[in-house]
Amino acid sequence: MNRLAAETSPYLRQHQDNPVDWYPWGEEAFERARADDKPILLSVGYSACHWCHVMAHESFEDPATAAVMNELFVNVKVDREERPDVDAVYMEAVQAVSGQGGWPMTVFLTPDGKPFFAGTYFPPRSMHGRPGFVELLRAVHEAWRNRRAEVEDQASHLAESVRARTTLERGVGSVSAEVLSAAYAGLRAAHDAEWGGFGRAPKFPMPSNVALLLRAWRRNGADETRQMIVTTLDAMASGGIYDHLGGGFHRYSVDAFWMVPHFEKMLYDNALLIGLYVDAWRAFGEARYRQVVEETVAYVLRDLRSPGGGVCSAEDADSEGEEGAFYLWRIEDLDPVAAEWYGATRSGNFEGRNILHRPVRGDLLRPPEVEAARQRLFEARCSRERPGLDDKVVTEWNAMLVASLSSAAAALGRSDWLAAAVETAEFLWSSLRRADGRWFRSWKGEPRHLAFAVDYAWLVEGFTRLAEASGRAVWIERAQDVADGLLSLFGDAEDGGFFTTGHDAEQLIVRQKDLFDGATPAANSVAAVALLRLSALTGEARWGDAARDVLELLGDMLQRHPLGFTHALAAVDVAVSGATEIAVVGDRPDLGEAVQARYLPNAVLAWGEPYPSPLWEGRSPGFAYVCRDYACQAPAPDVDTLLRQLG
């Protein structure tokens with residue numbers, strides 16, 4: 001009996017017809033393991049994961065392999081996007097055992113949830129230094145039956161290792177601007193001067209790294225800093241990691257020059273990159289960055305948005321049973337104009353076909369004849385079988401999109417984007433929040449799983465950004481409501497920061513804190529930035545105090561490993577530099593638009609409907625007010641005066 005058909009996760013439902021006797025994560029599986037004295041085989045993945053599909057086809061759909069799994073183990077399947085808490089705990093075990101992680105994730109647990117062996121993808125037969133999957137299953141079973149004490153000792157040691165790797169006591173000493181300098185030096189050393197990005201292949205976009213460089217450029221104005229930013233942004237938007245026909249970015253590049261991507265498209269990548277390219281347009285005024293924003297927003301709203309305003313999680317890498325098939329072109333499919341512009345050749349650049357790219361890096365603004373050819377190709381591609389869509393709505397990523405889309409709408413004057421951001425935010429408020437204020441993690445026809453700290457943190461950020469873009473006071477009120485929940489459910493009064501799970505949630509073998517910034521920012525980093533901004537907008541000191549507690553928790557780690565906390569360092573920048581508080585009072589859209597079009601990473605903006613805040617007190621209509629470091633400048637009556645004050 002396979003129990004996944006009743007689940008809402010598209011990833012779990014992909015496995016509902018497997019001959020494997022799958023359980024979803026839950027007490028039923030652990031009770032069965034205890035009753036039968038069997039270990040648990042935990043398999044974690046997500047719907048757009050190519051190698052998850054490969055292992056499924058090779059092993060989980062194979063009756064003989066499934067028979068061994070069913071005989072020897074209680075088998076549990078988890079969608080990492082629905083349960084990031086489970087994923088994070090056991091990924092620590094994978095990294096402790098193998099030194100690296102990834103998905104699919106394969107972990108063997110005792111019936112009380114302790115891991116004792118872990119890995120990622122296992123082939124059906126031994127190859128490339130990896131044991132065959134059935135061979136591994138039998139070896140683990142033999143150890144469980146005949147060397148139980150050794151297995152349980154390994155489980156205890158590995159569980160303790162997971163605890164040690166995921167707990168952190170409050171740091172010593174205050175956070176200073178020196179850590180920003182250290183991070184800048186680290187980014188400069190890791191930067192690929194030829195192709196942009198950081199380090200070697202595979203390359204992920206890492207928006208937080210580039211955003212930190214933008215903040216550094218705002219301070220130092222150095223050509224070197226600007227060149228690192230421009231090289232990275234141009235190389236990504238010119239490479240095959242960018243969809244030149246439909247807009248949007250694939251997840252990462254397998255090479256150093258952004259040509260061959262893993263073809264899945266994730267909402268979170270595109271939400272973060274919208275925000276990054278908007279800020280680059282604000283900073284440098286380059287039309288090509290505006291084009292990237294417009295095309296990426298168009299992709300998200302066209303292909304990922306669902307009726308009602310929720311936005312789907314991802315598109316798969318595969319279609320027609322082949323990775324990347326939707327995006328590849330033979331030379332004979334392209335007219336000469338398109339072939340030249342997109343660098344297509346007869347031999348191709350990917351298994352005899354072409355991933356479209358722009359050979360002249362940064363030359364993205366298309367002349368009319370190229371645009372006409374692009375439109376023809378886009379329409380032709382629409383007739384192809386689309387990659388699979390993961391249509392669950394994840395609170396974190398939707399709130400992330402609300403934040404980026406609000407900023408983009410304000411910067412580029414797009415009322416249609418603002419309306420889309422409002423619709424998504426209203427969907428979240430009405431569909432993923434209980435009457436008592438408790439939020440859920442995901443939705444597919446119904447809400448599922450209690451939300452995590454990262455969901456709450458992004459909701460605070462998204463709602464405050466929406467308040468700044470719309471001028472509506474309700475979004476500040478809602479941001480404060482969510483912030484209350486973040487502090488009360490997830491806050492650590494002893495050491496500071498926020499636990500991943502709420503005090504009302506299921507307790508795993510360790511209660512972690514999400515601390516390190518990776519492809520997406522960590523919960524504590526997002527919370528620190530969002531709460532500092534909310535405090536500046538409302539004058540409520542407790543939000544700022546909670547944010548500074550996060551930075552104190554991270555203090556020693558920030559000093560030793562600044563590149564592990566590049567989003568948290570945005571909060572450090574706000575904390576040590578001070579927020580610039582701007583209020584536009586009365587009906588002065590010209591003043592508000594002037595602020596929104598500028599790159600002001602540490603600024604907050606109040607305009608439109610007043611709400612309780614010192615930013616509104618004693619202010620006369622018709623002026624803009626700029627305050628910094630507890631001092632306010634003279635009321636600005638016009639745009640020129642305001643821009644001089646902003647610097």
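Our subject is the structure listed above.
Anyway, here's the lowdown on the structure attached to this text. (Residues numbered from 1 in each chain as written. Predicted model: local features only at pLDDT ≥ 70, side-chain atom pairs only at ≥ 80, totals over all residues. Heavy atoms only, no water.)

## What about the overall build of the protein?
Helix and strand content of the protein: 23 helices and 21 strands. Against the 2.2 N^0.38 benchmark of 26 Å for 647 residues, the protein shows a C-alpha radius of gyration of 25 Å, consistent with a compact globule. Each principal axis of the C-alpha distribution contributes one length, and for the protein these read about 80 × 65 × 45 Å. Buried positions account for 61% of the 647 residues belonging to the protein. Residue pairs at least 24 apart in sequence account for 68% of intrachain contacts in the protein once pairs closer than 6 positions are excluded. Put simply, the protein shows about 24,100 Å² of open surface, and 50% of that area lies on carbon and sulfur atoms. (Helix = DSSP H or I, 4+ residues; strand = E, 2+ residues; numbered from the N terminus. Rg over C-alpha atoms; globule rule 2.2 N^0.38 Å. Buried < 20%, exposed > 50% of the residue type's maximum accessible area, 1.4 Å probe, protein only. Contact = heavy atoms within 4.5 Å. Areas by Shrake-Rupley, 256 points an atom, 1.4 Å probe, with all protein chains shown as cover.)

## Quick look at the pattern of salt bridges
Tallied over the full model, the rule gives 55 salt bridges. The shortest N-O distance in the salt bridge between Asp243 and Arg381 comes to 2.9 Å. Here Asp243 is found in the loop between helix H10 (223–238) and strand E6 (252–253), whereas its partner Arg381 is found in helix H14 (residues 368–381), with 138 residues between them in sequence. Overall, the relative accessible area of 4% leaves Asp243 in the buried class. Here Arg381 falls in the buried class, since its relative accessible area comes to 4%. Between Arg386 and Glu315 there is a salt bridge; the shortest N-O distance is 2.7 Å. Taken together, the residues Arg386 in the loop between H14 and strand E14 (389–390) and Glu315 in strand E9 (residues 314–315) connect sequence positions 71 residues apart. Under the relative-accessibility criterion, Arg386 is labelled partly exposed at 34%. (Salt bridge = Lys/Arg side-chain N within 4 Å of Asp/Glu carboxyl O.)

## Some thoughts on the packing of helix H15 (residues 395–412) against helix H16 (residues 415–431)
Axis separation between H15 and H16 bottoms out at 8 Å; the angle between their running directions is 155°. By the angle between their axes, H15 is roughly antiparallel relative to H16. Every pair of crossing elements has a handedness; the one defined by H15 and H16 is left-handed. Listed contacts from H16 to Thr395, Asn398, Ala399, Val402, Leu405, Ser406, Ala408, Ala409 and Leu412 of H15 are Trp417, Leu418, Ala420, Ala421, Thr424, Ala425 and Leu428. Of the residues belonging to the contact of H15 with H16, the class tally is 12 nonpolar, 4 polar and no charged. (Axes fitted to C-alpha atoms, helices over the stretch in contact; angles between N-to-C directions. Parallel < 35°, antiparallel > 145°, perpendicular 65-115°, else oblique. Left-handed = near helix turned anticlockwise from the far one by under 90°. Nonpolar A, V, L, I, M, F, W, Y, C, P; charged D, E, K, R; others polar.)

## Notes on the sheet that holds strand E21 (residues 631–632)
Spatial strand order, E19-E18-E20-E21: 4 strands in an open sheet with mixed pairing. The strands lining the two open edges of the sheet, one partner per strand, are strand E19 (603–607) and E21. As paired strands, strand E20 (residues 623–628) and E21 are joined by 2 bridges and run antiparallel to one another. Each residue of the ladder has a partner; that of Cys627, found in E21, is Cys632. Packed on one face of the sheet, helix H19 (residues 523–538) meets strand E18 (580–585) and E19 and runs near 40° to E19. (Pairing = 2+ DSSP bridges.)

## Observations regarding the pairing of strand E3 (residues 74–79)
Counting buried positions along E3 gives 6 out of 6 residues, so the element sits mostly inside the fold. Of the two faces of E3, the one holding Val74, Val76 and Val78 and the one holding Asn75, Lys77 and Asp79 are both buried throughout. Where strand E1 (residues 22–24) lies against E3, 3 bridges are found, and the strand directions are parallel. What sits directly across from Pro24, in E3, is Lys77. Pairing geometry for strand E2 (residues 40–45) and E3, over 6 bridges, is parallel. Bridge pairing in E3 links Leu41 to Asn75.

## Structural notes on unusual backbone geometry
Omega for the bond connecting Trp103 with Pro104 falls within 30 degrees of zero, at 10°, which places this linkage in the cis form. As for its position among the elements, Pro104 is in the loop between helix H5 (84–98) and strand E4 (105–109). A positive phi is found at Trp258, a non-glycine position, where the angle reads about 65°. Taking relative accessible area as the criterion, Trp258 reaches 0% and is therefore assigned buried.

## Some points on the nonpolar core
Leu233, Tyr277, Val293, Trp439, Phe463, Phe498 and Leu531 are the most contacted members of the largest nonpolar core, which has 163 residues in total. The element contributing the most residues to this core is helix H11 (residues 267–284), with 13 residues. Core analysis: the second largest hydrophobic core is formed by 27 residues, Trp25, Ala29, Ala33 and Ala159 among them. (Core = buried A, V, L, I, M, F, W, Y, C linked by side-chain atoms within 4.5 Å.)

## Examining the environment of Ser470
Here Ser470 shows up in helix H17 (residues 453–470). Spatially, the C-alpha atoms of Ser470 and Asp514 are 31 Å apart, while their sequence positions differ by 44 residues. Non-local contacts of Ser470, meaning those with residues more than four positions away in its chain, are made with Leu418, Trp475 and Trp607. Here the side chain of Ser470 touches Leu466 through a polar contact of 2.7 Å, landing on its backbone oxygen. (Polar contact = N/O pair within 3.5 Å; in protein donor to acceptor, adjacent residues only side chain to side chain.)

## Description of the packing of aromatic side chains
How two aromatic rings sit relative to each other is set out by the distance from centre to centre and by the angle between their planes. Across all of its chains, the model carries 29 aromatic pairs by this definition. In textbook terms, an aromatic cluster arises when at least three aromatic residues are bridged by ring pairs, as seen for Phe73, Phe108, Phe116, Phe117 and Trp144. The ring of Tyr23 is capped by Arg3, whose NZ or CZ atom sits 3.7 Å from the centre of that ring. Its end group placed over the ring of Trp195, Arg361 keeps NZ or CZ at 5.0 Å from the ring centre. (Phe/Tyr/Trp six-rings, centres within 6.5 Å; stacked < 30°, edge-to-face > 60°. Lys NZ or Arg CZ within 6 Å of the ring centre and 35° of its normal.)

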